[in-house]
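Descriptive analysis of the structure
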Amino acid sequence: MSWFRKPSSTPLWQDEFPVFTADERYVNRRQFTKFLTLTSLAMFAGNLWILARSLFHRSPSYPRQPVAAAGEMEVGGVKMFAYPTAQDPCILVRTGSDSYVAYSQKCTHLSCAVYYEKDQNRLECPCHQGFFSVADGSVLQGPPQRALPRVALEMKGGQLTAVGMDGESA
Amino acid sequence: MNTNPPQNRGVTAIDGAMVLIVILLIVQIWLLSATLESYLAGHREAAVPGAIISAILFAACLGLYRFVDRIDSDIRQG
Ligand code: FES
C-alpha cells in the first residue's frame, strides 16, 4: 500500500498543471495542504532543536568579577557594569544599607536597556513600558514574558563580587 | 438525491481537512514559542514534552495531508 498518491497514469506535469478549472481547485488545495504540512514539519524541527540544545546543555562557568566596593553607592543608587563578558551590560542597585541586587540590563522582550526607577522602586524598559520587580527581576507589567536574568553577588571583605548568572540559558 | 455537482466532489472533505491542519498548526506555533520562552528562561524540563506534543501534531498534519492527497488522486482519476 502506498502512503500517498496512487501511481498515476498521467505524467506528473499534467497532474500538477491541469487544464480544467475543476481539477485545478483540487491541485491548489492539495498544494496548500502540502505547504501547511511542511510548515508543521518546520515547527517540529524547531522543537527538536530546543530539545537537542537542552539535552546537550552544559552549565557555563562564570568568572568572579569585582563590581563595587561596599559604601561606594548610596541606598537607591545604581551602577552599570558588564558581566560575564564586555557585551553583557548589567545594572547593580543598592536596595538597602547592606542589600544589593544586580540584573542583566537587556530587557527580555526585545533587548532594550532597562533602568532603575527610584520613585516606583522598579526596573523599567522605556521601549514598550515593560516593568520588572527590583526584588527578584520578575515581570510586573508589559510585553516581556521572562524575568530579567539575575547576577549572583557575593559580599566579602567590603568588596561586592559578581559570581554567576541565574535564570539565563546560555 | 445528491445535488452536489461532480466537480465539487471531495472539495468539502478537503476543505475540512485543511481547516483542521490550520488549527493544529496554530497550536504547534504557540507550542514552539512557549517552549522557546521557557527554555530561554532556564526551564529546560519543558523541552521533552514540547517535542513529543509537536511530533504528535506533525503526525496528525501528515495524516490529514495523506487524506487530502488520496481524495485528490481518487477523484481526478475517476
Ligand atoms: S524591549 Fe523592553 S518592553 Fe519591549
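A quick note: this is a predicted structure, and the numbers were derived from the prediction, not measured. (Residues numbered from 1 in each chain as written. Chains lettered and ligands numbered in written order. Predicted model: local features only at pLDDT ≥ 70, side-chain atom pairs only at ≥ 80, totals over all residues. Heavy atoms only, no water.)

This brings us to the state of the cysteines. Residues and elements named next belong to chain A. Summed over the entire model, instances satisfying the criterion amount to 1 disulfide over all chains. The partner cysteine of C112 in its disulfide is C127, sulfur to sulfur 1.9 Å. Looking down the S-S bond of the C112 and C127 bridge, the torsion is -90°, so its handedness is left-handed. With a gap of 15 residues between them, C112 in the loop between β4 (99-104) and β5 (115-117) and C127 in the loop between β6 (122-125) and β7 (130-133) connect regions that are remote in the sequence. The exposure class assigned to C127 is partly exposed, which follows from its relative accessible area of 37%. (Disulfide = S-S within 2.5 Å. Helix = DSSP H or I, 4+ residues; strand = E, 2+ residues; numbered from the N terminus. Buried < 20%, exposed > 50% of the residue type's maximum accessible area, 1.4 Å probe, protein only.)

The subject of this paragraph is the sheet that holds strand β9 (residues 150-156) of chain A. Strand pairing in a sheet relies on backbone hydrogen bonds, with the paired strands running either antiparallel or parallel. Residue and element names in this part refer to chain A. In spatial order, the strands read β1-β10-β9-β4-β3-β2; together these 6 strands make up an open sheet with antiparallel pairing. In the strand order of this sheet, the two ends are held by β1 (65-69) and β2 (78-82), each with one partner. Neighbour to neighbour, the strand axes of the sheet diverge by 35° on average, direction disregarded. Pairing of β1 with strand β10 (residues 159-166), which is carried by 4 bridges, proceeds in the antiparallel orientation. Counterpart to Q65 in the pairing with β10 is A162. (Pairing = 2+ DSSP bridges. Axes fitted to C-alpha atoms, helices over the stretch in contact; angles between N-to-C directions.)

Okay, the nonpolar core next. Judged by nonpolar contacts, the single largest core of 23 residues is most densely connected at Y26 and I50 of chain A together with I14, I21, L24 and L64 of chain B. Elements with a contribution of two residues or more to this core: α2 (21-55) of chain A together with α1 (11-40) and α2 (47-76) of chain B. Looking at this core, the element that brings in the most residues is α1 of chain B, giving 10 residues. In this structure, I50 of chain A is in contact with L32, T35, L36, Y39 and A47 of chain B, ignoring residues within four places of it in sequence. (Core = buried A, V, L, I, M, F, W, Y, C linked by side-chain atoms within 4.5 Å. Contact = heavy atoms within 4.5 Å.)

Residues and elements named next belong to chain A. At the junction of Y83 and P84, the peptide bond is cis and its omega measures out at 0° in the coordinates. By the element assignment, P84 lies in the loop between β2 and β3 (89-96). The phi angle at N121 is positive, at roughly 50°, despite the residue not being glycine. With respect to the helices and strands, N121 occurs in the loop between β5 and β6. A relative accessible area of 43% places N121 in the partly exposed class.

All names here are of chain A. Taken together, the 4 strands give an open sheet; going across it, the order is β5-β6-β7-β8, and neighbouring strands pair in antiparallel fashion. Strand pairing shows two members of the sheet lacking a second neighbour, β5 and β8 (139-141), which therefore form its edges. Mean inter-strand twist for the sheet, computed between neighbouring axes without regard to direction, equals 40°. The sheet contact formed by β7 and β8 spans 2 bridges and is antiparallel.

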